[in-house]
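Listed below are the residues making up each chain.
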Amino acid sequence: MFWKFDLNTTSHVDKLLDKEHVTLQELMDEDDILQECKAQNQKLLDFLCRQQCMEELVSLITQDPPLDMEEKVRFKYPNTACELLTCDVPQISDRLGGDESLLSLLYDFLDHEPPLNPLLASFFSKTIGNLIARKTEQVITFLKKKDKFISLVLKHIGTSALMDLLLRLVSCVEPAGLRQDVLHWLNEEKVIQRLVELIHPSQDEDRQSNASQTLCDIVRLGRDQGSQLQEALEPDPLLTALESQDCVEQLLKNMFDGDRTESCLVSGTQVLLTLLETRRVGTEGLVDSFSQGLERSYAVSSSVLHGIEPRLKDFHQLLLNPPKKKAILTTIGVLEEPLGNARLHGARLMAALLHTNTPSINQELCRLNTMDLLLLFQKCCLVQRILEAWEANDHTQAAGGMRRGNMGHLTRIANAVVQNLERGPVQTHISEVIRGLPADCRGRWESFVEETLTETNRRNTVDLVSTHHLHSSSEDEDIEGAFPNELSLQQAFSDYQIQQMTANFVDQFGFNDEEFADQDDNINAPFDRIAEINFNIDADEDSPSAALFEACCSDRIQPFDDDEDEDIWEDSGTRCAARVTARPSSESGPRCSSPVDTERSHAEGSRSQGPEKASTQ
């Protein structure tokens, strides 16, 4: 019987909790403790929310475990403790966020000397971040009372988890009014200026890199928040401070006055590039039809440009004399003077400045002759050097050598010249430059564009795997012709996805009768809108669609016996309401019948035709 079986579903955690002196460690050894906690097992939650247990959980995520423990279990309990504290159970969040003594115990982790244990730092950051999102007012009030909080976070900014914590304060505080108060508090603490000071040759690379990344994220978060808010609130004070001319000048001073290290130059240039961003796609990974609507445009602050302009000469010198780097051994030899990350970021900054189209900056770059240094077009003989580099690669490959590694970039540069020659704001200027080339060089260029570059582009667009069928029968070919190709289906499905789901969506889902009738005469007509198909079948009317369907069926389905003069369904008792066209070999069309009549008719036909005929059928 059913009650004979032991179907008791009581978890082992409940059995442990029934013990008189159960310990937290015994419970944490159970695999299902987190599941029971999320299921809000009240007995378990009451145990965990005891003062002693909460203090032990906080200590586990803020104190280094003993070194004599086995390595694979050394951080097992701190990890479990972090998961329990951040499992989004209101009772635990209220207990931790509402007890100032527990918050102080958690806060003491910042008093450790750098470098922090990265794993414990991630546990600490996750726990504080969860409290900022769940118990915002209590935690922000607590942190504001700590005078050294910002200083301690910046002291440990070399640990990525602390950088994430600072960004949570900027982005995860709700509602908007409270978020604005937090931004003003951070601005009063001079967070932006102190982050800029960390981008300095005297600081280690990790601190410089994380400080740069934090500033870049603050810029993007501030601009995104400003574009998303419907009501016109006061501007983001952190973004305003970072876009100020004084802040930009201080950043450039740290980069160029004194020792020039690659880490400082790259970190500082990354911040400047973010300030010069004019547009950015809000969501990645979407198809073009969707992502186009998510692209946001921003205006570059004039104070940023005014701060950069006096330092253009320093960037020009950076392109000429970058920080010294050791030779690099590559697969094709030794690279004595690598381009370097500093020069690469300097070139990107020049391109971003040109994109702003600021007259004074353009004039200064022309005066410095930076354009020629960057190999941009006329005086640097770009067309000639493209041809020479391509021909040199052809000679190398013809002699059995390897294809040069920069040929992909060279192809893109050549295509950019051709595209701007055909259309674009500098079309006239480039046309004049091409016409001014020597006759032999102009002929080589035209031949290169018409033959070599065209063939290269064709090869680059060929599918690596053929999409054609290896073989197909005549029937498959006929069937394929009646359906749209893959691109049409993809476009139709995309159109279907972006339709608005309204009350009359079902009524709109399909062709109109007139639209469907226009294609009746052509069975291979493509589906213009696969999202809008409506089948209207009426058995009481002899419509052209029914005739077309019967013609297709009669062509595909062979009769049981072409030699018979009489239809095997002739004696059927039940017939269809709508008569259909007869086959050429039969005197009347097929009629619907009940299964009993069909079986009786088939048996009578078998007896009249003899055993041999019946077996054939």
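The shown structure was predicted, so the numbers you read here are calculated from the model rather than taken from an experiment.

This part covers the confidence of the model for the protein. The pLDDT averaged across the protein works out to 78; a share of 69% of its residues lies at or above 70. Predicted confidence for residues 1–7 stays below pLDDT 50, and this span has one contact to residues more than four positions away or in other chains. Segment residues 469–483: pLDDT under 50, and nine contacts once partners within four positions in sequence are set aside and those in other chains are kept.

Once that is clear, we can look at the pattern of salt bridges. Following the criterion strictly, the structure yields 21 salt bridges and no others. Here Asp 88 and Arg 134 are joined by a salt bridge, their closest N and O atoms 3.2 Å apart. Taken together, the residues Asp 88 in the loop between helix H7 (76–85) and helix H8 (90–97) and Arg 134 in helix H10 (residues 118–134) connect sequence positions 46 residues apart. The class for Asp 88 is partly exposed, based on a relative accessible area of 40%. It is possible to trace a salt-bridge network through shared partners that takes in Asp 257, Arg 260, Arg 311 and Asp 314.

Right, let's get into the nonpolar core. Most often, soluble globular proteins have nonpolar side chains that are buried together. If you look at the biggest cluster of nonpolar residues, it comprises 111 residues, and the most contacted ones within it are Ile 92 and Phe 149. For this core, the leading source of residues is helix H13 (residues 160–171), giving eight residues. Excluding its chain neighbours within four sequence positions, the residues that come into contact with Phe 149 are Tyr 107, Leu 110, Leu 143, Leu 165, Leu 169 and Trp 185. Counting residues in each nonpolar core, the second largest holds 18 residues, with Leu 382, Trp 390, Leu 437 and Cys 441 among its members.

Before going further, it helps to spend a moment on the packing of aromatic side chains. This model, assessed by the stated rule, comprises seven aromatic pairs. Aromatic side chains Phe 149 and Trp 185 sit 6.2 Å apart centroid to centroid with 15° between the ring planes, which places their arrangement in the stacked category. Of this pair, Phe 149 sits in helix H12 (residues 149–155) while Trp 185 sits in helix H14 (residues 176–188), and the two are 36 residues apart along the sequence. Residue Phe 149 is classed as buried on the basis of its relative accessible area of 2%.

Here we take up helix H16 (residues 205–228). With 24 residues, H16 extends 34 Å from end C-alpha to end C-alpha; this agrees with the ideal 34 Å at 1.5 Å per step. Two or three places before Asp 206, at the start of H16, stands the capping residue Asp 204, its side-chain oxygen 3.2 Å from that residue's backbone nitrogen.

Moving on, we come to unusual backbone geometry. Put simply, Pro 114 and Pro 115 share a cis peptide bond, and its omega is 0°. As for its placement among the helices and strands, Pro 115 is situated in the loop between helix H9 (100–107) and H10. In this structure, Pro 175 follows Glu 174 across a cis peptide bond, with omega equal to 0°. Position of Pro 175 among the secondary structure elements: in the loop between H13 and H14. Of note, Gln 40 is a non-glycine position whose phi angle comes to about 60°, a positive value.

The terminal C-alpha atoms of helix H29 (residues 439–460), which comprises 22 residues, lie 30 Å apart, in line with the 32 Å expected from a rise of 1.5 Å per residue. The largest bend along H29 measures about 40° and falls at Phe 448. All of the buried residues along H29 are Cys 441, Trp 445, Phe 448, Leu 453 and Thr 456. The elements touched by buried residues of H29 are helix H26 (382–398), helix H27 (407–422) and helix H28 (427–435).

We now examine the packing of H27 against H28. Close contact between H27 and H28 brings their axes to 7 Å; oriented N to C, the two are set at 110°. When the axes of H27 and H28 are compared, the pair comes out roughly perpendicular. For the pair H27 and H28, the sense of crossing is left-handed. Between H27, through Asn 420, Leu 421 and Glu 422, and H28, the contact on the second element is made entirely by Gln 427, Ile 430, Ser 431 and Ile 434.

A separate point is the environment of Leu 252. On the secondary structure map, Leu 252 appears in helix H18 (residues 245–256). Taking the C-alpha atoms as reference points, Leu 252 and Asp 314, separated by 62 residues in sequence, lie 9.4 Å from one another. Discounting chain neighbours no more than four positions away, the residues touching Leu 252 are Asp 257, Leu 272, Gly 307, Ile 308, Arg 311 and Phe 315.

Cut-offs and rules
Residues numbered from 1 in each chain as written. Predicted model: local features only at pLDDT ≥ 70, side-chain atom pairs only at ≥ 80, totals over all residues. Heavy atoms only, no water. pLDDT = per-residue confidence, 0-100. Contact = heavy atoms within 4.5 Å. Salt bridge = Lys/Arg side-chain N within 4 Å of Asp/Glu carboxyl O. Helix = DSSP H or I, 4+ residues; strand = E, 2+ residues; numbered from the N terminus. Buried < 20%, exposed > 50% of the residue type's maximum accessible area, 1.4 Å probe, protein only. Core = buried A, V, L, I, M, F, W, Y, C linked by side-chain atoms within 4.5 Å. Phe/Tyr/Trp six-rings, centres within 6.5 Å; stacked < 30°, edge-to-face > 60°. Expected span 1.5 Å × (residues − 1). Polar contact = N/O pair within 3.5 Å; in protein donor to acceptor, adjacent residues only side chain to side chain. Bend = angle between axes of the 7 residues up to and from the residue. Axes fitted to C-alpha atoms, helices over the stretch in contact; angles between N-to-C directions. Parallel < 35°, antiparallel > 145°, perpendicular 65-115°, else oblique. Left-handed = near helix turned anticlockwise from the far one by under 90°.

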